[in-house]
Every structure is written in C-alpha cells, then in structure tokens.
Amino acid sequence: MTALTDLYQEVILDHNRSPRNFRAIEGATHSGLGHNPLCGDQLTLYVKVEDGTIREIGFQGKGCAISKASASLMTEAVKGKTLAEAEELFGRFHDLLTGPSDVPAEAKGFGKLAVFSGVREFPVRVKCATLAWHTLHSALAGGSPASTE
Amino acid sequence: MIDITLTPATFDVETVRADFPILSRKVRGRPLVYLDSANTTQKPEAVIRASDRFYRETNANIHRSTYRLSEEATTAYEGAREKVRRFLNAASTREVVFTRGTTEAINLLASSFGQAYVKAGDEVLITGMEHHSNIVPWQLLCERAGARLRVLPIDDRGELVLEELDALLTDRTRILGVVHVSNALGTVNPVKEIVARAHAKGVPVLVDAAQSLPHLGVDVADLGCDFLAFSGHKVYGPTGIGVLWGKEEWLEKLPPYQGGGDMIASVSFEKTTYAELPARLEAGTGNLAGGVALGTALDYVNAIGLARIAAHERALLAHATARLSEVPGLRIVGTAREKAGVVSFVLDDVHPHDVGTILDQEGICIRTGHHCAQPVMARYDLPATARASFGLYNTLEEVDALVDGLRKVREVFGA
Ligand SMILES: Cc1ncc(COP(=O)(O)O)c(C=O)c1O
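Residues numbered from 1 in each chain as written. Chains lettered and ligands numbered in written order. Predicted model: local features only at pLDDT ≥ 70, side-chain atom pairs only at ≥ 80, totals over all residues. Heavy atoms only, no water.

### Observations regarding the confidence of the model for chain B
For chain B, mean pLDDT is 95; residues scoring 70 or higher make up 98% of the total. The ipTM, which scores confidence in the relative placement of chains, is 0.88 for this predicted complex, and the corresponding pTM is 0.94. (pLDDT = per-residue confidence, 0-100.)

### Focus: the sheet that holds strand β5 (residues 123-127) of chain B
Residues and elements named next belong to chain B. What the seven strands build is an open sheet, ordered β4-β10-β9-β8-β7-β5-β6; its pairing is mixed. The sheet terminates laterally at β4 (96-99) and β6 (148-152), the two strands that pair on one side only. For this sheet the average axis-to-axis angle between neighbouring strands, irrespective of direction, equals 20°. One ladder, built from three bridges, connects β5 with strand β7 (residues 173-179); its direction is parallel. (Pairing = 2+ DSSP bridges. Helix = DSSP H or I, 4+ residues; strand = E, 2+ residues; numbered from the N terminus. Axes fitted to C-alpha atoms, helices over the stretch in contact; angles between N-to-C directions.)

### Some points on the interface of chain B and chain A
Chain B puts 16 residues into the contact, and the matching count from chain A is 21 residues. Between chain B and chain A lies a buried interface of about 1500 Å² when both sides are counted; carbon and sulfur atoms form 60% of it. Sorting the residues of chain B by area buried against chain A places B:H353, B:V412 and B:F413 first, and these three jointly supply 33% of that buried surface. Applying the counting rule to chain B against chain A returns two salt bridges. For B:D354, the salt bridge is made with A:R125, and the minimal N-O distance between the two is 2.8 Å. Counting the contacts that link chain B with chain A gives six residue pairs in polar contact (both at pLDDT 80 or more). Contributions of two or more residues to the side of chain B that touches chain A are made by α12 (352-361), β16 (367-369) and α14 (396-412) of chain B. (Contact = heavy atoms within 4.5 Å. Buried area = accessible area lost by both parts, 1.4 Å probe. Salt bridge = Lys/Arg side-chain N within 4 Å of Asp/Glu carboxyl O. Polar contact = N/O pair within 3.5 Å; in protein donor to acceptor, adjacent residues only side chain to side chain.)

Given below as structure tokens:
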C-alpha cells in the first residue's frame, strides 16, 4: 500500500474533505471553467487580479480527491503571487508530476504542494492533479475553457 | 478446448477460466480480477488461435481472386457470417453486414436510413438510457436534416417510462433506437413490447444489442425489430469487428454508406451500379481475421450455452447486489426490476475515480466515469459512477474481492 499512501497523503485527504477557498469570488477579474472528461471532474475558478498580482482566488465544482485537493492547495499557493510567479510555479509543478524523481520535492521549495509528488506513480491521475492549474492558466489568459483532453 | 463440465443449469467456471490466457496473469503482484466485461471482454484461447490461424494459413483477400487461397479465405469469412446469422436467428446472411462494431453499425444506419427517410420536421426517437453511440449519430443526422431528436425518459429506478412511449411515437417519427441492456445501469429493457408498440404506429426499431447479445442472447425473429447492432469485442471476440443486422426489405432500400471496392457491381465515370446485399453496405476490405474469430467466439458461447451463461451471471449479479449493499455508504445506481450483470454504484463522498485507483492496487479492474452515457449520469445528478460488470468467467470470490477492496477504499478515506 505504499504507493497508495503516498498518493492519498493526509494533507490531500484533508483538503478533499474541507477544501479551502471553496467559493465564488465577488468582483473576480478572471474566471475559468475546467473539465476532465475522463472522470467527469468539473471546476469553476474565480480570480481577482490587481496590479498583476493574484489578490483573491476561489473555486467551486465536483471532482475526485486529487483534483479537489489540488485546486484547494493551488489557491493557497498562488494567492499573493504575481501572474508570472504563478505561471512559473505551474511549470515546476507540472514537472514535479511528470518529470524524473531524482530531486526530492521538498528540496525544490514546493511547500505543501510537495504532497502531490506521489501522483507521479499514477500517470492516469496526473490530469486530475493539474486540472486546476490548467484552468488557472486559461483563466488568466482569458482563453477558452480548459480541458485535460 | 471447450471441454467443460456441463450440467443442464451450470458449467464449471474454473475450467472456463483456463480457456482465457489473460486470466492467469498478475497485476501488481496480485491475481487479475477483471470486472469490466461490459467495456470489453477477455478472449478465449480458441478466439486468439482463430485469428492467428487465419493469418498463418488462410490469409488472402476475399471475393476478388480465382486462386485457392482466396477461396478459402472467402469461405472462412462467409462462414462466420453464417454463424452470426444463426446466432441472431436471422432469415438470411444477406441481412448480416459486417462493421467495425456497434458504433459503426449505428453510424451506417443513421447515415443511410437518414438520407433516405429523415427529412426536415421529422422526428427520431431514442431513450434516455442510450450509449453515446446511439445518441450522437442521430443528433448529427437531425442537425443535417432539420429533424428533431426526441427522448423517452427514464425513472429513478433506471427503467424506461413506457407510459410516455405512445405519445412520443408521432406521425413524424421515422425511427426508434433503443438499447436492449444499459451499459451504465444494467437495465434490461422490454424490447419486444417496445417494438410491438412502435410497429403499431408504423415506426421501425433499431436495437443496440452491444450488452445484451453476449449475456442474454438475442433472437431477431422473436424481438421483431428491424435493425440490430452489436460488437464482437464484447462477446469474447476481437476488436474492430461487429455487425449491423437489418431486415432484408429494409436493407434493400438503404442507399450505400461508403463507396469503394467490393460494394459495386460495375463502375464507370458515368454510372456505378451497386453490388447485392450485404456487400453493397460493406465498402473496402473488411476485418477478415476479426470476422473469422468472431465466428469462433460465437461458437464458444454456444458451446457453453447462453442459458447457462445467463444463469451464471444472474447468480453473480445477485451476489454482488447483496454483498455491495453491506458496504457502508454504498449506493447502487440502477435498481431496475430486470437487470443484467452490471452494477453501477457510488460510495459516500469518495469519487469513483479514487475508488478505481485504490481497487487497481488490489489488481481489481472496474470502470469508473460516465460510461459513455453522460445523459444517464445527468439524470441522476452524478458526475460519474464506479461500475463492476461480469462475464462468463467471473466468480463469486471475485465479487468478494471487490467488496474487500471497497472496504480498503473506506479505510484510506478514513470513512
Ligand atoms: C450499450 C452500448 N452500445 C454501444 C456501445 C459501443 O460499442 P463499440 O465501442 O464497440 O462500438 C457500447 C460499448 O461500450 C455499449 O455498451
């Protein structure tokens, strides 16, 4: 069960049970719709950007534990970050889930997001863990709804 | 090969399992527990060999050449068509059109039938229980033709609301498409009655038999339907081969679906005349080895006997329904009075995708998601379900393994 307990770490289960920033944001400047057709996950993201910085962020929707916890932890991680910093973090987060596993995640300064390093062992679940991030990316770009397909 | 201990009512599952090479493999160090036969079935040795033997000994294109090898290939492929005819209790092999599967069969029908019979203002009737493959082709047709797609609803149990059928069969209804056994809910629909009521209004009926033919069998003469579709890979045969069956008087009237080789009588740049049925609806070289191996798969099913298979799967369904109901927080979705070996369920707040991942660690394969039936999911306001589905090789112990696996899921989630 080690791979499993790596995947479903307590932090993930906790954020699944009680997701943070699980609400619509009034006066959001950006919003986005994310959809993972494989498992039916759906989320709406609300972002309030001021002076190039993410001041407030929230989400609503349905999803598996991984996608919900990922959205929850993402909102905590990017709040207060500049758009460029958020994008940069997304890039590194993506590498964390898909890249080689030689550098310990903590060493790369992921903070709590490091709990998702276990997802690497479950390639079909990578899309769940990145759905919120793809949605953030497209919301900020003002583009079309994000889909993991 | 099929040396099974047969009694009038049962067969020896362990002997049958030995016919399926994949069932002896391990997944993550554990015995494979394959509970996803509604998705695709595993293949018995006889089917694998039939395909292999075709390529080793008989391979040549059919209907086209004068040499012996081609004649043998033609005989094998046409022999399989005859096996399909017998399996369906159809009147003639002219009614058996090989396709890539159920999806292509329905697309063929929607396209050809639609071209000939569905005009602006007409209606096509389907049900709320259809697989996407019996929705989207009709939707495309309706958009093209300016016709209207209408839907017979389902109730909370997962049964069709038959009281509304007669009202939905209007004088504009050109065809009715109905699934025999729902892949998402397991419901067995009273197709014979539905056909009778549609015919009373002069409406022809297509039956999607993808899930019924392998587990209950179908008799087109008895059902009375006009068209029927199924997939080889769901009846222990290969992927890439399936059948559209249609009454000859209907198929005769259908314009060609695709153009090309084999479907013509003669071609000139001025005018092409078409071949006889079924070739007219089968353009190009088909899946020859697949067709032959499908014939073998039907032989295999016949050797065990559909009545025994159905009884075995009924026992699995009853056991699964009872045992799953013991799992705290588990709710079965689809509680129709008549069900085949499919159990869809949800577990508390645990998303089906997480259920699937944890069961996979135990070597247990189930399907999670919308089962290509998003309108069904929407009907029950669920994003997805987990689904176990059975084949003739499943055992009661495998059902127990599923139940144990679900207890692990609850542990992981601290439920
Ligand atoms: C009821 C039903 N209809 C149609 C299909 C489509 O079959 P295929 O993908 O083999 O064309 C399926 C397969 O999932 C099914 O369960």
